[in-house]
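Structural overview for review
Chain by chain, the residues:
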Amino acid sequence: MLQEVILKKSLKATDLEVTVLIFLTSSAFLFSIYGSEIINRSNNQARTIILMALFSRMFLLIIPLYESPAFFVFCIAAMSYVDSLIKPSWNTVYKHNYTDERRSILYSYASSLYTIAILITGTLLGYVLDMNYKLYKILFPVAAVFDILSYVNLSKLISAGKSTYPFSEFLFSGRIDPKLIKDILILPVRNMLRIFRENKPFFRFEIFFFLYGVAFMIASPAVPIFLVDTLKLDYAPISVAKGLVFYTATILFTPMMGRIHGSGNPTRFCGYLFLSLILYPLLLISIKIFGVDMQIISTDVLLYITFFFFGILMSGITMSWNLSSIYYAPHMEVANYQAVHITLTGVRGLFAPFIGYIILKVFSIEATFLVSSFFFLLGGIMMLRESRK
């Protein structure tokens, strides 16, 4: 939750290094399309998931070795790239282990519990890092251990679903075959093109969701720079805003979002969310105007209001990001559809953070937020138009 802030505030990274971290962690999603192929073709999916988890979290375990921005960026990025291979498997569990009628509401309950854990730890660790920022060297390895445990749980859930729902034909049994490697590399791209060709509504949904993602990633490199350099905040208020305030809003509104999202067409739901997100970058600008420049309201209070509003909307976005592809996916292609959805997150991660960085450097940080609002507006309008078809 605080990795960009740690990089900027404690490791004294440049604005470009912050942008590169966001670029690498975002573009990592490109590889998720290959992960579903690797796991589905394994003759032991559970073991494959655990091995991938161990390899990816190894990079968090070695973070304490060097205290430099470059090494920190490398470790977080390497972990993200391997982790993206496993992500689509969660949707296989969501689809195969839970009914359509109960999926969204059960997801909202689990998400709320997850959010409570984030709220408590994220808020407390902000104060801890203010006392001694070097404690991040302990916290990341601890996070790695808990992450590995979560993927052990995923492996059990995958196995539990097998008895009722068949999986793709297992083609990999441990022997490296050139044809298999070629299939793993080429077939996902062919599958993505096939899915878009056969399922035009899903293709349009992904285009409009892509616009939201561009808006979000344009603002992403600007936010930690804005909090640290422009507002000159310590870890404590940042962690309260990104932890306590943001996740309190998420906890309160996720169950409601689960009921609204349901299992039907997600375009109207997403359209209203995207339009509402126009206010998020504008509220960030207002913190500087009314808090720093005019000093009408406390900077901290404005920050908390902004992140509470942001948390409400992101409770819906998170649900839509994880569950919307299920509406469009045939029964046996759930992981493939989510892999396409996640991969497009990686595609926009290749360029959107650098758009934000260029606007930040050429114009201003406020201009970056304004451009972000424009893309939220565009994505929202297109989603609502699609919902009327």
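Residues numbered from 1 in each chain as written. Predicted model: local features only at pLDDT ≥ 70, side-chain atom pairs only at ≥ 80, totals over all residues. Heavy atoms only, no water.

All right, on to the overall build of the protein then. Across its full length, the protein holds 18 helices and zero strands. Taking 2.2 N^0.38 as the reference for a compact globule, 389 residues should give roughly 21 Å; the C-alpha atoms of the protein span a radius of gyration of 21 Å, in line with that estimate. Taken over the C-alpha atoms alone, the protein extends approximately 65 × 55 × 40 Å along its principal axes. Here the protein holds 389 residues, and 56% of them are scored as buried. Put simply, 85% of the contacts in the protein that link residues at least 6 apart link residues at least 24 apart. When the accessible surface of the protein is summed, it comes to about 16800 Å², and 68% of that surface belongs to carbon and sulfur atoms. (Helix = DSSP H or I, 4+ residues; strand = E, 2+ residues; numbered from the N terminus. Rg over C-alpha atoms; globule rule 2.2 N^0.38 Å. Buried < 20%, exposed > 50% of the residue type's maximum accessible area, 1.4 Å probe, protein only. Contact = heavy atoms within 4.5 Å. Areas by Shrake-Rupley, 256 points an atom, 1.4 Å probe, with all protein chains shown as cover.)

For the structure shown, the criterion picks out 30 aromatic pairs. With a centroid separation of 5.5 Å and 70 degrees between ring planes, the pair formed by Phe55 and Phe59 is classed as edge-to-face. Taken as a pair, Phe55 and Phe59 lie in helix α4 (residues 45-61) at a separation of four residues, close to a single helical turn. A relative accessible area of 44% places Phe55 in the partly exposed class. Note on Phe59: relative accessible area 9%, which makes it buried. (Phe/Tyr/Trp six-rings, centres within 6.5 Å; stacked < 30°, edge-to-face > 60°.)

On to the nonpolar core. By size, the foremost hydrophobic cluster in this structure holds 109 residues, and its most contacted members are Phe72 and Phe369. In terms of residue count, helix α15 (residues 299-328) provides more of this core than any other element does, 13 residues in total. Among residues more than four places away in sequence, those in contact with Phe369 are Ala219, Ala222, Val223, Phe226, Pro281, Leu284 and Ile285. (Core = buried A, V, L, I, M, F, W, Y, C linked by side-chain atoms within 4.5 Å.)

This part takes up the packing of helix α1 (residues 3-10) against helix α12 (residues 235-261). Two elements in contact, α1 and α12, have axes separated by 12 Å at closest approach and are oriented at 165 degrees. Judged by the inter-axis angle, α1 sits roughly antiparallel to α12. Helix-helix and strand crossings are classified by hand; for α1 and α12 the assignment is right-handed. Contacts between α1 and α12 involve Glu4, Val5, Ile6, Lys9 and Ser10 on the former and, on the latter, Tyr235, Ile238 and Lys242. A class-by-class count of the residues in the contact of α1 with α12 yields four nonpolar, one polar and three charged. (Axes fitted to C-alpha atoms, helices over the stretch in contact; angles between N-to-C directions. Parallel < 35°, antiparallel > 145°, perpendicular 65-115°, else oblique. Left-handed = near helix turned anticlockwise from the far one by under 90°. Nonpolar A, V, L, I, M, F, W, Y, C, P; charged D, E, K, R; others polar.)

Attention shifts here to the pattern of salt bridges. This model, assessed by the stated rule, comprises 12 salt bridges. A salt bridge links Asp147 to Arg57, with the nearest nitrogen and oxygen atoms 3.0 Å apart. Residue Asp147 is located in helix α8 (residues 136-162), and its partner Arg57 is located in helix α4; the two are separated by 90 residues in the primary sequence. Ionic pairing is found between Lys134 and Glu67, a salt bridge with its closest N-O pair at 3.9 Å. (Salt bridge = Lys/Arg side-chain N within 4 Å of Asp/Glu carboxyl O.)

Okay, the side chain of Ser373 next. Residue placement: Ser373 occurs in helix α18 (residues 365-387). The residues touching Ser373, leaving out its near neighbours within four places in the chain, are Ile278, Pro281 and Leu282.

Once that is clear, we can look at the side chain of Thr345. Checked against the element boundaries, Thr345 lands in helix α16 (residues 334-349). Only 3.2 Å separates the side chain of Thr345 from the side chain of Arg348, close enough to count as a polar contact. With residues up to four places along the chain from it excluded, the contact list for Thr345 reads Ser26, Phe29, Met217 and Trp321. (Polar contact = N/O pair within 3.5 Å; in protein donor to acceptor, adjacent residues only side chain to side chain.)

We now examine a nonpolar patch on the surface. A grouping of Ile289, Phe290, Met294, Ile296, Ile297, Val301 and Ile305 is seen on the molecular surface, where their side chains present a nonpolar patch of about 610 Å² in accessible area. Counting only elements with at least two residues in the nonpolar patch, the list comes to α14 (279-293) and α15. Mapped onto the secondary structure, Ile289 falls in helix α14. (Patch = residues over 30% accessible without salt bridge, like charges linked within 9 Å, V, L, I, M, F, W, Y side chains within 5 Å.)

A separate point is the packing of α4 against helix α5 (residues 69-86). At a minimum axis distance of 7 Å, the contact between α4 and α5 shows a crossing angle of 165 degrees. The orientation of α4 relative to α5 falls into the category roughly antiparallel. As for how α4 packs across α5, the hand of that crossing is left-handed. Where α4 approaches α5, its residues Ile49, Met52, Ala53, Phe55, Ser56, Arg57, Phe59 and Leu60 are matched on the opposing element by Phe74, Cys75, Ile76, Ala78, Met79, Val82, Asp83, Leu85 and Ile86. Within the contact of α4 with α5, the residues separate by chemical class into 14 nonpolar, one polar and two charged.

Of the residues in the protein, 92% reach a pLDDT of 70 or more, and the chain-wide mean stands at 85. Mean pLDDT across the secondary structure elements of the protein bottoms out at helix α3 (residues 32-40), with 72, and peaks at α18, with 94. (pLDDT = per-residue confidence, 0-100.)

Next up on the list: the environment of Pro64. Structurally, the position occupied by Pro64 is in the loop between α4 and α5. Judged by its relative accessible area of 30%, Pro64 falls in the partly exposed class. Along the sequence, Pro64 and Met314 sit 250 residues apart, while their C-alpha atoms lie 32 Å from each other. Leave out the neighbours within four places in its chain, and Pro64 touches Lys137 and Pro141.

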